[in-house]
Amino acid sequence: MARTPKPGTPARGTTTGRPIMVLLDLLGRRWAMRVIWELHKKPLTFRELQAACGGISPTILNTRVAELREADIVAQDGAGYSLTAEGQRLLKELLGLHEWAERWAKRKT
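Residues numbered from 1 in each chain as written. Predicted model: local features only at pLDDT ≥ 70, side-chain atom pairs only at ≥ 80, totals over all residues. Heavy atoms only, no water.

Draft legend 1. How the structure looks around the side chain of Glu67. Position of Glu67 relative to the elements: it lies in helix H4 (residues 58-70). Judged by its relative accessible area of 2%, Glu67 is buried. (Helix = DSSP H or I, 4+ residues; strand = E, 2+ residues; numbered from the N terminus. Buried < 20%, exposed > 50% of the residue type's maximum accessible area, 1.4 Å probe, protein only.)

Draft legend 2. Main features of the pattern of salt bridges. With the rule as written, the count across this model stands at seven salt bridges. Linking Glu70 and Lys6 is a salt bridge whose minimum nitrogen-to-oxygen distance equals 2.8 Å. Separated by 64 residues along the polypeptide, Glu70 in helix H4 and Lys6 in the segment before helix H1 (19-27) bring together distant segments of the chain. Look at Glu70 and you get partly exposed, because its relative accessible area is 45%. One salt-bridge network, held together by shared partners, links Arg12, Asp25, Arg29, Arg64 and Glu67. (Salt bridge = Lys/Arg side-chain N within 4 Å of Asp/Glu carboxyl O.)

Draft legend 3. Examining the pairing of strand E1 (residues 74-77) more closely. Alignment of E1 against strand E2 (residues 80-83), held across four bridges, turns out to be antiparallel. Residue pairing in the sheet places Ala75 in a bridge with Ser82 of E2. A loop of two residues connects E1 with E2, the two strands running antiparallel in sequence. (Pairing = 2+ DSSP bridges.)

The following block contains the structure:
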């Protein structure tokens, strides 16, 4: 299993470990963004999250959830998996990127 990227340590795209590059490495991993998105409304059990992601293998889902938990973006409790306060803040920032992308797409079409 690949190690979870951490600020200050080398990651894809950076040898210095700049936080933005480390975050982009983490979020750029297959299924990471989908897991975050599927948890934006309510906590989900592992099976519910797997079904919501449609097609993700349990091994990959387990790896992504472990990485996102280690990064303090996702937490696990009795209700299942949910976004942490930091995960909610990240989602809010990502929604700003979504809005930008929508405006950009309209200019390019």
